[in-house]
Amino acid sequence: QNNLNTNFSSTSRPVKTQTTTKTITVGTGGDFTDLVSAVNEAKKYTSPVTISLISNLQISQDTYINSINGEHIIINFGNFKISNSSSSEIGLFLTASNIGRIQNLNLDNINFIAGLCSKVALVGTINMQNNISNTFSGILFATQSSAICFGSNVEVNINSTTGQNLILAGTGSIISFSSSSTINSTTNSGKLLTVYNAGIIAIHSTAIINKPAGLNL
């Protein structure tokens, strides 16, 4: 019965059910060549789905994961990353969507923005580097009543050469760091943590922050 397509209603899109965890690969030689197509496929299932990157990816424009009810979806970057292949500012946007968790998020010159009541958990080792001058409010940004939650023992490495905000919670949103989290940055200007418009950043008492003196907390 694995991966059986079953129509539960008179909709145009079938719902896919399975008895084991489904794995979808993204990258060279994988099931899909881009992350959004893989997420759109994963949303069709009702049981756990793991989306695994099997090679580095490049994007040249804003990428949106829109209106996904994906509590059952895990996105695992593994040892790979998504890079900006253009010279312009771009973002990976999670809008009006829930994703169960993203493991080992690794973005090069790409900002991560959760908005419109989105929710996601980040686990493992998070690497975010941005060297492109841009107008985004933050490299890691939760806004419009969204939530970004970091799991226990997560390691966050986040840097920018543009002096922008690194981690920002705004407009009724929350970014929370669980126990034994570590936040590392070598950026020597700008702000590491920023809140505005009823935003909240919650940091567990056992979390560790490593930053140079020039970077405002």
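Here goes a summary of the coordinates provided. Everything numeric here is computed off the predicted structure, so don't read it as measured data. (Residues numbered from 1 in each chain as written. Predicted model: local features only at pLDDT ≥ 70, side-chain atom pairs only at ≥ 80, totals over all residues. Heavy atoms only, no water.)

Attention now moves to the overall build of the chain. A count of helical and extended segments in the chain gives 1 helix and 23 strands. Expressed as a percentage of its 217 residues, the buried residues of the chain come to 48%. In the chain, 71% of the contacts between residues at least 6 apart in sequence involve partners at least 24 apart. Of the roughly 9700 Å² that the chain leaves accessible, carbon and sulfur atoms contribute 47%. (Helix = DSSP H or I, 4+ residues; strand = E, 2+ residues; numbered from the N terminus. Buried < 20%, exposed > 50% of the residue type's maximum accessible area, 1.4 Å probe, protein only. Contact = heavy atoms within 4.5 Å. Areas by Shrake-Rupley, 256 points an atom, 1.4 Å probe, with all protein chains shown as cover.)

Another point: the sheet that holds strand β23 (residues 208-210). The parallel open sheet is built from 7 strands, whose spatial order is β5-β8-β11-β14-β17-β20-β23. Sheet topology places β5 (57-59) and β23 at the edges, where each strand pairs with a single neighbour. On average, adjacent strands in this sheet sit at an angle of 15° to one another, irrespective of strand direction. (Pairing = 2+ DSSP bridges. Axes fitted to C-alpha atoms, helices over the stretch in contact; angles between N-to-C directions.)

Even without being a glycine, Cys-117 presents a positive backbone phi close to 65°. Considering the arrangement of structural elements, one finds Cys-117 in the loop between β12 (111-115) and β13 (119-123). For Cys-117, a relative accessible area of 54% translates into the label exposed. Residues other than glycine seldom take positive phi values, yet Ala-198 does so here, at roughly 65°. Here Ala-198 is to be found in the loop between β21 (191-196) and β22 (200-203).

Turning our eyes to something else, we now look at the packing of aromatic side chains. Counted under the stated rule, the structure contains 2 aromatic pairs. On the basis of an interplanar angle of 15° and a centroid distance of 4.6 Å, the ring pair of Tyr-64 and Phe-93 is categorised as stacked. Taken together, the residues span a long stretch of sequence, with Tyr-64 in strand β6 (residues 63-66) and Phe-93 in strand β9 (residues 91-95) at a distance of 29 residues. When its relative accessible area of 38% is taken as the criterion, Tyr-64 is described as partly exposed. (Phe/Tyr/Trp six-rings, centres within 6.5 Å; stacked < 30°, edge-to-face > 60°.)

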